[in-house]
Amino acid sequence: MPKREKPVAPKTAAPERARGGRARSVSEIVPDIGRAAFRRFGFVQSSVVSRWGEIVGERYAKVTAPESIRFPNGARSNGVLTLTVAGAHAPMMQHVTPVIIERVNRFFGYAAVVRVVMRQGDLPAPKARVAPQPFVVVPVELGESLRTIADPELKAVLESLAQGVAAATMLPMPIGKIS
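Here's what I pulled together on the structure shown here. All of these numbers come straight from a predicted model, not from anything done at the bench.

**Observations concerning the overall build of the chain**
When you go through the chain residue by residue, the secondary structure sums to eight helices and three strands. Secondary structure of the chain in N-to-C order comes out as α-α-α-α-β-β-α-α-β-α-α. Of all intrachain contacts in the chain linking residues separated by at least 6 positions in sequence, the fraction that spans at least 24 positions is 60%. Summing over all exposed atoms, the chain offers an accessible surface of approximately 14500 Å²; the carbon and sulfur share of this is 59%.

As structure tokens, then:
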């Protein structure tokens, strides 16, 4: 006698939750994403890392990078700032430790750091600066047609596009066989 299969009930889709709220910009979302990682390494504010050059000055930021800030249990003051220092700059940085403590505390607005620990190590390579595009004169025939546009944003975008087209037409064409 053949086995009878039980009838299968159709699956009901889970109720879809209502979408709502406003659209958020990426700059608003990124601090939320990085917050857990930064807190894991002892940073109350991610801006300490991102604004290190502004906090201590470019001279010291070139040879140091903040690694962590460790606070006593249950406190947000009297912390220990750990810095990664490039190579032979550690002795010099030992001498300017009071200046670094003062500048970091000024950034926080209270006595967040009371001690600095330095560790020699490699710093991340600075990002290469991109050279600005050379200014290209918009051809007269394109410039005349843009003067009639009233919307300033649209006009700026179209001028930028016209400059890109003009720059592309000025590029030398390769001579030879394309394989």
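What follows continues from the structure just given.
**Some words on the packing of aromatic side chains**
Under the definition given, this model contains two aromatic pairs. Taken together, a centroid distance of 5.8 Å and an interplanar angle of 75° make the contact between Phe107 and Phe108 edge-to-face.

**A short note on the side chain of Thr97**
Note that Thr97 resides in helix H6 (residues 97-108). The class for Thr97 is buried, based on a relative accessible area of 13%. Excluding residues that lie within four positions of it along the chain, Thr97 makes contacts with Val116 and Met118.

**A word on the sheet that holds strand E1 (residues 64-70)**
What the three strands build is an open sheet, ordered E1-E2-E3; its pairing is mixed. Two strands bound the open sheet, and with one partner strand each, they are E1 and strand E3 (113-120). Taken over all neighbouring pairs, the strand axes of this sheet differ in orientation by 25° on average, direction set aside. In this structure, E1 lies alongside strand E2 (residues 79-85), joined through six bridges in antiparallel fashion. Note that in E2 the partner of Arg70 across the bridge is Val80. Here H6 sits on the sheet in contact with E1, E2 and E3, set at roughly 125° to E3.

**Describing the environment of Ile101**
Note on placement: Ile101 falls in helix H6. Each C-alpha atom of the pair Ile101 and Val114 lies 6.7 Å from the other, and the pair is 13 residues apart in sequence. Filtering out sequence-adjacent residues up to four positions away, Ile101 remains in contact with Val113, Val114, Arg115 and Val116.

**Some remarks on the pattern of salt bridges**
Applying the stated criterion to the full structure yields three salt bridges. The residue Glu54 makes a salt bridge to Arg51 at a minimum N-O spacing of 3.2 Å. In this structure Arg51 comes out as partly exposed when scored by relative accessible area, which is 36%. Here Arg106 makes a salt bridge to Glu102, at a shortest N to O gap of 2.7 Å. Taken as a pair, Arg106 and Glu102 lie in helix H6 at a separation of four residues, close to a single helical turn.

**Looking at unusual backbone geometry**
With phi around 55°, Asn78 is a residue other than glycine that occupies positive phi space. Mapped onto the secondary structure, Asn78 falls in the loop between E1 and E2. Among the residues examined, Asn78 registers a relative accessible area of 45% and is labelled partly exposed.

**Examining the nonpolar core**
Judged by nonpolar contacts, the single largest core of 23 residues is most densely connected at Trp52, Leu81, Met93, Ile100 and Val104. Every element with two or more residues in this core is listed here: helix H3 (52-56), helix H4 (58-61), E2, helix H5 (90-95), H6 and E3. Ranked by residues supplied to this core, first place goes to H6 with four residues. Leave out the neighbours within four places in its chain, and Val104 touches Trp52, Ile55, Leu81 and Val113.

What counts, and at which threshold
- Residues numbered from 1 in each chain as written.
- Predicted model: local features only at pLDDT ≥ 70, side-chain atom pairs only at ≥ 80, totals over all residues.
- Heavy atoms only, no water.
- Helix = DSSP H or I, 4+ residues; strand = E, 2+ residues; numbered from the N terminus.
- Contact = heavy atoms within 4.5 Å.
- Areas by Shrake-Rupley, 256 points an atom, 1.4 Å probe, with all protein chains shown as cover.
- Phe/Tyr/Trp six-rings, centres within 6.5 Å; stacked < 30°, edge-to-face > 60°.
- Buried < 20%, exposed > 50% of the residue type's maximum accessible area, 1.4 Å probe, protein only.
- Pairing = 2+ DSSP bridges.
- Axes fitted to C-alpha atoms, helices over the stretch in contact; angles between N-to-C directions.
- Salt bridge = Lys/Arg side-chain N within 4 Å of Asp/Glu carboxyl O.
- Core = buried A, V, L, I, M, F, W, Y, C linked by side-chain atoms within 4.5 Å.

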